[in-house]
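Residue-level listing of the chains:
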Number of protein chains: 2
Amino acid sequence: MIAEILSVGTELLMGQIANTDAQYISRRLSELGVTLYRHTTVGDNPARVKQALCEALSRSDMVITTGGLGPTEDDLTKEMVGEFFGLPMELDEKSLEAVRARMCRLGREMTKNNNKQAYFPRGAVIMPNECGTAPGCIVERDGKAVAVLPGPPREMKDMFERQLAPWLRKRSGEHIESRFLRIFGVGESKTETVLLDLFHGDNPTLALYCGAGEVTARISARVPLGADANALIDPMEAEIRRRLGNAVYAAYGPGEEVSLASTVLKMLMARGETVTTAESCTGGMLISHLIDCPGASAAVHEGHVTYSNEAKMRVLGVRAETLEKHGAVSAECALEMAEGARRASGSDWAIATTGVAGPDGGTPEKPVGLVYVGIAGPDGVRAERLMLRGDRDWIRTLTCQNALDLLRLRATAR
Amino acid sequence: MIAEILSVGTELLMGQIANTDAQYISRRLSELGVTLYRHTTVGDNPARVKQALCEALSRSDMVITTGGLGPTEDDLTKEMVGEFFGLPMELDEKSLEAVRARMCRLGREMTKNNNKQAYFPRGAVIMPNECGTAPGCIVERDGKAVAVLPGPPREMKDMFERQLAPWLRKRSGEHIESRFLRIFGVGESKTETVLLDLFHGDNPTLALYCGAGEVTARISARVPLGADANALIDPMEAEIRRRLGNAVYAAYGPGEEVSLASTVLKMLMARGETVTTAESCTGGMLISHLIDCPGASAAVHEGHVTYSNEAKMRVLGVRAETLEKHGAVSAECALEMAEGARRASGSDWAIATTGVAGPDGGTPEKPVGLVYVGIAGPDGVRAERLMLRGDRDWIRTLTCQNALDLLRLRATAR
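Here the structure is a predicted model, which means the values were calculated and not measured.

**Focus: the state of the cysteines**
All names here are of chain B. Applying the stated criterion to the full structure yields zero disulfides over all chains. Summary of cysteine pairing: Cys137 is not part of a disulfide, and the nearest cysteine sulfur, belonging to Cys131, is at 17 Å. A disulfide-free cysteine, Cys333 has its sulfur positioned 11 Å from the sulfur of Cys281, the nearest such atom.

Below, the structure is given as structure tokens:
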């Protein structure tokens, strides 16, 4: 099946928001085995919506629209789909009831425009909206299909996963299952080289994604509906793990959110251990990533940002001589920061970061991007030197990622 | 002038990245007074690129492309533009020299494919790439124009600002100048209502953008090239400030990056004051936002994350009785956290956060979203109660924003 995405919304053409809906749907279609040839975005203009729809359906089997389902006059996506297929708009009592109930729950008045949200092209499969007011629908005719989704990302994702994805699976008569492996410490091109021959497979297929210094490998297997895809996926996962070793830090399914921070946190919780932080260049970003994860309080009780030398001495007990002799950006300082934080907090582990994040402050001996990470634990304290490239935010982000990974490797090696 | 954006890149159709280039260009075109009717995205497929280009130019005066300028075989955007206009590709020696110099600097070998990056459709205006290898170009013919930009956002933005924006300005014979006002503490719909009559103006125009609990108002004035737009912008800014008061926290030009954190930091630096943080629910996010800003070390020396009650007592001196009687999520605790952090650090100001960020931990008396912010300063200590809605990340983000704004208002009122 060949599909296109048609995004409707003047706010997209004004650049007020990025089209994250199109990205999400694209990724999911690729995981579901649907081929996508084009994204188109037009404003809330009925003639241009209809024109774009007509063009897209002349090229493809299916069009997935987002946006233009609101209650206002210029929300007209559904109406244009009806017009295109020559289908009259008909009231769906169940949807009207749902819209009414929602407005009532929110304490808002039901307007005539809200009624509009309960009308659909005749014969449409209606997709209730579990997160908002505007229901979506699927209209099929003459071998062509249009799925109409709401624009707000939360509503769109929920409707896609609960209703459109199963519809697509059923229609294709087969099932594509994906598993993701998250990889840290091996770059994209190195990963690609090491796995090169595995990309040629037809079933399962392998694809790589990159972001924040990490690589994600997606293994997708296609099986008849009802069959088990794991028989195809498991050997591929095993082979990747054999080649990349413990650089593979997590395996998970679609829809799961996994990060180095959540992986480290889960690992600590499973071991009944705690971690504290002593941050200089990362300035709170490290502990913030840990506390992003629900349930963090089990493994993270406190953390310190010691940006000044004075704070490093007073809060963490870094010695004045160390700072004088080696400077704040040094392995020695990182070691004392980590030791001091571990001692003061009574945590099992402590991570310390100190470095030159830039844009200023670099010298020939200690350039922007030079970072030391100290890790103190039950097995002693060690420091690692990193030489990172990028702007301030990127250097801080990579420092956090490296620090978390160092803790992961240290703790699992014990 | 009516324009369209044509994005080229299979990674966009696979959902590996969001099309932030299209968002950036859309926003800037709107600021430059160029009307945009459509975004189209196609993969790295020559036939589909050419087809999409042909369609776009049949509807519009100008097409701006991004992507497909790399050295590989399937990077063919420039070539398709040449084919469309019937122009042969010609070598530009200056570009070849620049590509060569860059590869040499990076210590990489110059391949035959890199040569390709120095070929352009005959007569094209070449736009050198200051941040990467692939130059862009502008091709004009028969009243239609195509501007070809690279895909990587940093390269695209640099080329857009340095080269395409001046070209668009010159071509239009007029100049659109924009100023942005950042607003916090008044919601979007309230801001819209208060400013309603100002949206009807033709020159200057007013537009609102939203994000992270903030509203940005854009004032744009159109003047002949060389004239001063401030005479039109200044009165509008004054009127908005008159209506919204000190909810307007910053005014700035295009390309400048402004946030509540950077505004608070600048304010403190100007006053020669320092701030420290004592975070519970925000877990380091607050100080991380402050330290995001280059030069932060002048005003931020340290901060503490005290997630457990034990840490609140030991690090900040919160009293056990306070925690027993009122709990950690209370005004009393926020006050003692802020006082303790200010005392320990010797900073002029201290911000404390404590709340229920969720998803678990809420009770009928203290539901998810209940947050207290304490601010201690030279004029004493006060706590504010916030009732926020959203998921964990959003509640933490809004807490940081509110905390920074409370400090801003407190400090400026002194």
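**Here's the deal with the interface of chain A and chain B**
Accessible area lost upon the coming together of the parts serves often as the stated size of an interface. Listed as interface residues are 58 residues of chain A and, on the opposing side, 58 residues of chain B. When chain A packs against chain B, close to 4500 Å² is buried across both sides, 50% of that on carbon and sulfur atoms. At the boundary of chain A with chain B, the tally comes to eight salt bridges. Seen at the junction of chain A and chain B, the total is 27 residue pairs in polar contact (both at pLDDT 80 or more). When grouped by side-chain class, the residues that make up the side of chain A that touches chain B number 25 nonpolar, 21 polar and 12 charged. Relative to strand S14 (residues 300-306) of chain B, strand S14 (residues 300-306) of chain A runs antiparallel, the two being bridged by five bridges. By the bridge assignment, Glu302 of chain A is partnered in S14 of chain B with Thr306 of chain B.

**Describing the relation of the copies chain A and chain B**
Look at the two chain copies: a rotation about an axis and a shift along it is all it takes to match them. Between chain A and chain B, the superposition needs a rotation of 180 degrees and an axial shift of 0.1 Å, giving an RMSD of 0.1 Å. Accordingly, the operation relating the two chain copies is best matched by a two-fold axis.

**Describing the confidence of the model for chain A**
Here chain A shows a mean pLDDT of 93. Residues at 70 or above account for 100%. In the predicted complex, the global pTM is 0.83; the interface-specific ipTM is 0.82.

**Side note on helix H5 (residues 93-105) of chain A**
All names here are of chain A. Here H5 is 13 residues long and its end C-alpha atoms lie 18 Å apart, about the 18 Å a rise of 1.5 Å per residue gives. Among the residues making up H5, those that are buried are Ser95, Leu96, Val99, Arg102 and Met103. The arc that holds every buried residue of H5, seen down its axis, measures 130 degrees, which confines them to one face. The outward face of H5, more than 90 degrees from its buried face, is lined by the exposed residues Glu93, Lys94, Cys104 and Arg105.

**Here's the deal with the packing of helix H8 (residues 188-195) of chain B against helix H9 (residues 230-244) of chain B**
Residues and elements named next belong to chain B. Where H8 contacts H9, the two axes come as close as 10 Å, and the packing angle between them is 120 degrees. Taken together, the axes of H8 and H9 are oblique relative to one another. Crossing geometry of H8 relative to H9 is assigned as right-handed. Judged by residue contacts, Thr191, Val194 and Leu195 of H8 engage Ile240, Arg243 and Leu244 from H9. Class assignment for the residues of the contact of H8 with H9 results in four nonpolar, one polar and one charged.

**Some words on the packing of aromatic side chains**
Scanning the model with the defined rule gives six aromatic pairs over all chains in all. Measuring from centroid to centroid gives 5.5 Å for Phe180 of chain A and Tyr252 of chain A, while their planes differ by 20 degrees, and the two rings are stacked. You can see Phe180 of chain A sitting in strand S9 (residues 174-184) and its partner Tyr252 of chain A sitting in strand S12 (residues 248-252), a full 72 residues away along the chain. Look at Phe84 of chain B and Phe85 of chain B: their rings are 5.1 Å apart centre to centre, the planes differ by 80 degrees, and that puts the pair in the edge-to-face class. The exposure class assigned to Phe84 of chain B is partly exposed, which follows from its relative accessible area of 30%. Relative accessible area serves as the criterion here: at 10%, Phe85 of chain B is assigned to the buried category. Against the face of Tyr37 of chain A rests Arg48 of chain B, its NZ or CZ located 3.6 Å from the ring centre.

**Looking at the sheet that holds S14 of chain B**
Note: strands within a sheet are paired through backbone hydrogen bonds, in either parallel or antiparallel orientation. As summarised here, the arrangement of the 10 strands in space is S17(A)-S16(A)-S15(A)-S13(A)-S14(A)-S14(B)-S13(B)-S15(B)-S16(B)-S17(B), forming an open sheet in which the pairing is mixed. Both edges of this open sheet fall to strand S17 (380-387) of chain A together with strand S17 (380-387) of chain B, since each of them pairs with a single strand only. Strand-to-strand twist across the sheet, computed as the mean angle between neighbouring axes with direction ignored, equals 15 degrees. Running over the sheet, helix H15 (residues 392-413) of chain A touches strand S13 (275-279), strand S15 (349-355), strand S16 (370-377) and S17 of chain A and is turned about 30 degrees from S16 of chain A.

**Considering the pairing of strand S2 (residues 35-42) of chain A**
Most of S2 of chain A is tucked away: six of the eight residues are buried. As paired strands, strand S1 (residues 2-8) of chain A and S2 of chain A are joined by seven bridges and run parallel to one another. By the bridge assignment, Leu6 of chain A is partnered in S2 of chain A with Thr40 of chain A. Sheet topology places S2 of chain A next to strand S2 (residues 35-42) of chain B; five bridges connect them, and they run antiparallel. For Thr40 of chain A, the partnering residue across the bridge sits in S2 of chain B and is Thr40 of chain B.

**Section: unusual backbone geometry**
Cis geometry marks the peptide bond from Asn203 of chain B to Pro204 of chain B; its omega dihedral reads 5 degrees. Along the chain, Pro204 of chain B falls in the loop between H8 and strand S10 (205-211). For the bond from Gly358 of chain B to Pro359 of chain B, the omega torsion is 0 degrees, close enough to zero to count as cis. Within the secondary structure layout, Pro359 of chain B lies in the loop between strand S15 (349-355) and strand S16 (370-377). Backbone geometry places Asp142 of chain A, a non-glycine residue, at a positive phi of 50 degrees. With respect to the helices and strands, the residue Asp142 of chain A is situated in the loop between strand S7 (136-141) and strand S8 (144-149). Assessed through its relative accessible area of 73%, Asp142 of chain A is described here as exposed.

**A word on the environment of Pro204 of chain B**
Residue and element names in this part refer to chain B. By relative accessible area, Pro204 is classed as buried at 11%. Separated by 15 residues in sequence, Pro204 and Ile219 place their C-alpha atoms 6.3 Å apart. With residues up to four places along the chain from it excluded, the contact list for Pro204 reads Ile219, Ser220, Ala221, Leu232 and Met236.

**A few points about the pairing of S16 of chain B**
Residues and elements named next belong to chain B. For S16, the tally of buried residues reaches eight of eight residues, placing the bulk of the element in the interior. Of the two faces of S16, the one carrying Leu370, Tyr372, Gly374 and Ala376 and the one carrying Val371, Val373, Ile375 and Gly377 are both buried. As paired strands, S15 and S16 are joined by six bridges and run antiparallel to one another. Along S16, the bridge assignment pairs Thr353 with Val373.

**So, the pattern of salt bridges**
Close approach of charged atoms lets side chains of opposite charge pair. Per the stated rule, a full pass over the model turns up 59 salt bridges over all chains. Linking Arg396 of chain B and Asp292 of chain A is a salt bridge whose minimum nitrogen-to-oxygen distance equals 2.4 Å. Pair noted here: Arg396 of chain B is in helix H15 (residues 392-413) and Asp292 of chain A is in the loop between helix H11 (285-291) and S14, and the two residues belong to different chains. Overall, Arg396 of chain B belongs to the buried group, its relative accessible area being 1%. Using a relative accessible area of 30% as the deciding quantity, one classes Asp292 of chain A as partly exposed. Among the ionic pairs, Glu4 of chain B bridges to Arg59 of chain B, the shortest N-O distance being 2.8 Å. Linking Glu4 of chain B in strand S1 (residues 2-8) with Arg59 of chain B in helix H3 (residues 46-59), this pair joins segments that are 55 residues apart in sequence.

**Concerning the side chain of Ser262 of chain B**
All names here are of chain B. Note that Ser262 resides in helix H10 (residues 260-271). A distance of 2.9 Å separates a polar atom in the side chain of Ser262 from the backbone nitrogen of Ser259. What Ser262 contacts, discounting residues up to four positions off in sequence, is Glu257 and Cys293.

**Some points on the sheet that holds S9 of chain A**
Residues and elements named next belong to chain A. Strand order across the open sheet formed by four strands is S10-S11-S9-S12, with antiparallel pairing between neighbours. Pairing within the sheet leaves two strands with one partner each, and these edge strands are strand S10 (205-211) and S12. For this sheet the average axis-to-axis angle between neighbouring strands, irrespective of direction, equals 25 degrees. By the bridge criterion, seven bridges tie S10 to strand S11 (residues 214-224) in an arrangement that is antiparallel. Looking at S11, one finds that Leu208 is bridged to Ala217.

Procedures and definitions
- Residues numbered from 1 in each chain as written.
- Chains lettered and ligands numbered in written order.
- Predicted model: local features only at pLDDT ≥ 70, side-chain atom pairs only at ≥ 80, totals over all residues.
- Heavy atoms only, no water.
- Disulfide = S-S within 2.5 Å.
- Contact = heavy atoms within 4.5 Å.
- Buried area = accessible area lost by both parts, 1.4 Å probe.
- Salt bridge = Lys/Arg side-chain N within 4 Å of Asp/Glu carboxyl O.
- Polar contact = N/O pair within 3.5 Å; in protein donor to acceptor, adjacent residues only side chain to side chain.
- Nonpolar A, V, L, I, M, F, W, Y, C, P; charged D, E, K, R; others polar.
- Pairing = 2+ DSSP bridges.
- Helix = DSSP H or I, 4+ residues; strand = E, 2+ residues; numbered from the N terminus.
- Least-squares fit on C-alpha atoms with pLDDT ≥ 70 in both.
- pLDDT = per-residue confidence, 0-100.
- Expected span 1.5 Å × (residues − 1).
- Buried < 20%, exposed > 50% of the residue type's maximum accessible area, 1.4 Å probe, protein only.
- Arc of directions from axis to C-beta.
- Axes fitted to C-alpha atoms, helices over the stretch in contact; angles between N-to-C directions.
- Parallel < 35°, antiparallel > 145°, perpendicular 65-115°, else oblique.
- Left-handed = near helix turned anticlockwise from the far one by under 90°.
- Phe/Tyr/Trp six-rings, centres within 6.5 Å; stacked < 30°, edge-to-face > 60°.
- Lys NZ or Arg CZ within 6 Å of the ring centre and 35° of its normal.

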